[in-house]
Amino acid sequence: MSKKFDVAVLGATGTVGQAMIEILSEEKFPINRLYPLASHRSKGESVIFNDETLVVDDVETFDFTKVQIALFSAGGSVSAKYAPIAARAGCIVIDNTSHFRNDDDIPLVIPEVNPDDIQYYKNRNIISNPNCSTIQMLVALKPIYDVAGISRINIATYQSVSGTGKAAIEELARQTIDSLSGRDVTSEVYPMQIAFNLIPHIDAFEPNGYTKEEMKMVNETRKILNDKEIKVNPTAVRVPVFFGHAEAIHIETKKKLSAHEAKELLSKAPGVIVKDKLENHGYPSPVTEASGKNAVFVGRIREDISHEFGLNFWVVADNIRKGAALNSIQIAQILVRDYL
């Protein structure tokens, strides 16, 4: 009989936490007992796991010696407080926040890109999950990087409101109804109306003019690829889509790679589905392909007519699933298979 594990999900009532619980069930993760956790505000709420109703417990009073693995997705300040507590209790934390991503001794992992880095969990009993936009970008670019090298990435993201959380999903729905009904539109989550609009501003602005979201993509890419020389130039935009992020990516490779060769590499890459035809709907979109799916979808693969070593891609993925919950669980799957 295969070994089973006791697992905690912190942030169990949130969008990502709920997706984690669903995927643990779908993937038939070897769980002995699941402990859904949240702040005291959500204590007593319930979640469904394997057709069983589980009551959410308060993380503040939870004993982490009860579990071997904990999936965290409850905000950076929560992870900053409780991840070290869980780690000291012997629990391995897979953290979905940005809090630990830049720590040199904590691995930052995308299983299709740098799975071997999982071994470094032993440093502090913590593994960090990258930003959702970084994940889908590097899943798509890793096969190109391995064969032709990449010197520079220009990327514009088109990020759905689910990346902000439940309140943002509700705000887009409410603003859409109000706008179509001729009522005044008010904004609480975002600095301006998101319905029927685009906002080129995700997270706080840094002194260099980029936002924290954009700089995450720069720093995380270099860490995950272990390449301090790669140049990343991002613009992150919030769009009025509920689920699924899209990215327009332009890269400059170190040696010439044709669009056909790139398509062949991507067609064989783990976690990637290529949809690339010169016809209506011959390309993927967040709603029709990515939402609710685990794969990263790539289309509009073409050579850059302005640069000899340039390639262009259109990449979409479900930011809640592959961009957060699934990536964490894929890490856990490798962890229990190879290390525990």
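Above this text is the structure in question.
Quick caveat: nothing in here was measured; it's all calculated off a predicted structure.

Focus on the sheet that holds strand β1 (residues 5-10)
Right, on to step 1. Across the sheet, 6 strands lie side by side as β5-β2-β1-β6-β7-β8; this open sheet has parallel pairing. Strands at the two margins of the open sheet, each flanked by one partner only, are β5 (57-58) and β8 (126-128).
Right, on to step 2. Contacts from helix α1 (residues 15-26) reach β1, β2 (31-38) and β6 (69-72), with the element oriented near 155 degrees to β1.

Brief notes about the layout of surface pockets
Right, on to step 1. Considered as a void within the structure, the largest pocket measures approximately 820 Å³ in volume.
Right, on to step 2. Lining of the largest pocket is provided by 37 residues; of these, N96, S162, G163, T164 and G165 occupy positions nearest its centre.
Right, on to step 3. Elements supplying a minimum of two residues to the lining of the largest pocket: α1, α4 (166-180), α5 (212-225) and α8 (321-338).
Right, on to step 4. Residue composition of the lining of the largest pocket, grouped by class: 12 nonpolar, 19 polar and 6 charged.

Here's the deal with the packing of helix α3 (residues 132-148) against α5
Right, on to step 1. Put simply, α3 and α5 touch, their axes get as near as 11 Å, and they point 40 degrees apart. Taken together, the axes of α3 and α5 are oblique relative to one another. You can see that α3 and α5 cross each other, and the crossing is right-handed. On the side of α3, the interface is formed by S133, T134, M137, L138, K142 and Y145, while α5 contributes E213, K216, M217, E220, T221, I224 and L225.
Right, on to step 2. Tallied by class, residues from the contact of α3 with α5 come to 6 nonpolar, 3 polar and 4 charged.

Comments concerning the sheet that holds strand β14 (residues 310-317)
Right, on to step 1. The strand order β10-β9-β11-β14-β13-β12 describes an open sheet built from 6 strands, whose pairing is mixed. Looking at which strands have only one partner, the edges of the open sheet turn out to be β10 (231-238) and β12 (272-274). Here the strands of the sheet are splayed against their neighbours by 20 degrees on average, with no regard to which way each runs.
Right, on to step 2. The pairing of β12 with strand β13 (residues 296-303) spans 3 bridges and is classified as parallel. Following the sheet pairing, I273 is matched in β13 by F297.
Right, on to step 3. Lying on the sheet, helix α6 (residues 259-267) is in contact with β12, β13 and β14; it crosses β13 at an angle near 165 degrees.

Considerations on the side chain of Q175
Right, on to step 1. Within the secondary structure, Q175 sits in helix α4.
Right, on to step 2. Assessed through its relative accessible area of 0%, Q175 is described here as buried.
Right, on to step 3. Within the structure, Q175 has its side chain in polar contact with the backbone nitrogen of I194 (distance 2.9 Å).
Right, on to step 4. Non-local contacts of Q175, meaning those with residues more than four positions away in its chain, are made with V185, T186, S187, Q193, I194 and A195.

So, the pairing of β14
Right, on to step 1. β14 sits mainly inside the fold: 7 of its 8 residues count as buried.
Right, on to step 2. Inspection of the sheet shows β13 paired to β14 by 5 bridges, in the antiparallel sense. Among the inter-strand pairings, R302 is bridged to a residue of β14, identified as N312.

Here we look at the packing of aromatic side chains
Right, on to step 1. Inspection of every chain in the model, using the stated rule, returns 5 aromatic pairs.
Right, on to step 2. Ring geometry for F62 and F64: centres 5.1 Å apart, planes at 85 degrees, overall edge-to-face.
Right, on to step 3. Judged by relative accessible area, which is 8%, F62 ranks as buried.
Right, on to step 4. Geometrically, the ring pair formed by Y121 and Y339 is edge-to-face, given 6.1 Å between the ring centres and 70 degrees between the ring planes. Placement of Y121 in the loop between β7 (92-95) and β8 and of Y339 in the segment after α8 is noted, with a sequence separation of 218 residues between them.
Right, on to step 5. Residue Y121 is classed as buried on the basis of its relative accessible area, which comes to 8%.
Right, on to step 6. Of the residues examined, Y339 reaches a relative accessible area of 27% and is grouped as partly exposed.
Right, on to step 7. The structure contains a cluster of three or more aromatic residues connected by ring pairs, namely Y35, F62, F64 and F72.

Looking at α6
Right, on to step 1. Among the residues of α6, those classed as buried are A259, A262 and L266. Summarising the axial view, the buried residues of α6 lie within an arc of 60 degrees, below the 170-degree limit, and thus occupy one face.
Right, on to step 2. Considering only its buried residues, α6 is in contact with α3, β12, β13 and β14.

Focus on the nonpolar core
Right, on to step 1. In terms of nonpolar packing, the biggest core is built from 37 residues, with M137, L141, I153, I249, I251, V298 and F313 touching the most fellow members.
Right, on to step 2. Elements with a contribution of two residues or more to this core: α3, β9 (150-159), α5, β11 (245-253), α6, β13 and β14.
Right, on to step 3. In terms of residues, this core owes the most to one element, α3, which gives 9 residues.
Right, on to step 4. Residues in contact with V298, not counting those within four places in the same chain, are A140, L266, V272, I273, V274, K275, P284, F313, W314 and V315.

What counts and how
Residue positions are counted from 1 within each chain, in the order its sequence is given. Totals for whole chains, interfaces and linings use every residue, but because this is a predicted model, local features are given only for residues with pLDDT of at least 70 and side-chain atom pairs only at 80 or more, for both listing and counting. Heavy atoms throughout the structure, all of them, feed into the side-chain values; hydrogens and water do not. Strands were regarded as paired on the criterion that DSSP finds at least two bridges between them. Put simply, DSSP marks the helices as runs of H or I at least four residues long and the strands as runs of E at least two long, and each gets a number from the N terminus on. Contact between two residues is taken to exist if any of their heavy atoms lie within 4.5 Å; hydrogens are not considered. To define axes, lines are fitted to C-alpha atoms, for helices over the stretch in contact only, and angles between the resulting N-to-C directions are given on a 0 to 180 degree scale. Put simply, the grid is 1 Å and covers the protein atoms alone, a cavity is a trapped set of points that fit a 1.4 Å probe, a pocket is an open set with protein on both sides within 12 Å along at least five of seven lines, and lining residues have an atom within 4 Å of a point. Grid points are joined across faces, edges and corners, and a volume is the space filled by probe spheres set on the points. Each residue receives one of three labels: charged for Asp, Glu, Lys and Arg, nonpolar for Ala, Val, Leu, Ile, Met, Phe, Trp, Tyr, Cys and Pro, and polar for the others, Gly being one of them. Roughly parallel means an angle under 35 degrees; roughly antiparallel means over 145; roughly perpendicular covers 65 to 115; every other angle is labelled oblique. Crossings are sorted by hand: turned counterclockwise from the far helix by less than a right angle, the near helix makes the crossing left-handed, and turned clockwise it makes it right-handed. Burial classes follow relative accessibility: with a 1.4 Å probe on protein chains only, a residue under 20% of its type's maximum area counts as buried, one over 50% as exposed, and anything between as partly exposed. What qualifies as a polar contact is a pair of N or O atoms within 3.5 Å, subject to a donor-acceptor requirement within protein and to the restriction that residues adjacent in sequence count only when both atoms come from side chains. To pair, rings of Phe, Tyr and Trp, with the six-membered ring standing in for Trp, must have centres within 6.5 Å; the planes then decide the type, stacked if under 30 degrees apart, edge-to-face if over 60, and tilted in the middle. It is the directions from the helix axis to the C-beta atoms whose arc is reported. Joining through side-chain atoms within 4.5 Å is the link that ties buried Ala, Val, Leu, Ile, Met, Phe, Trp, Tyr and Cys residues into a set, and such a set is a nonpolar core.

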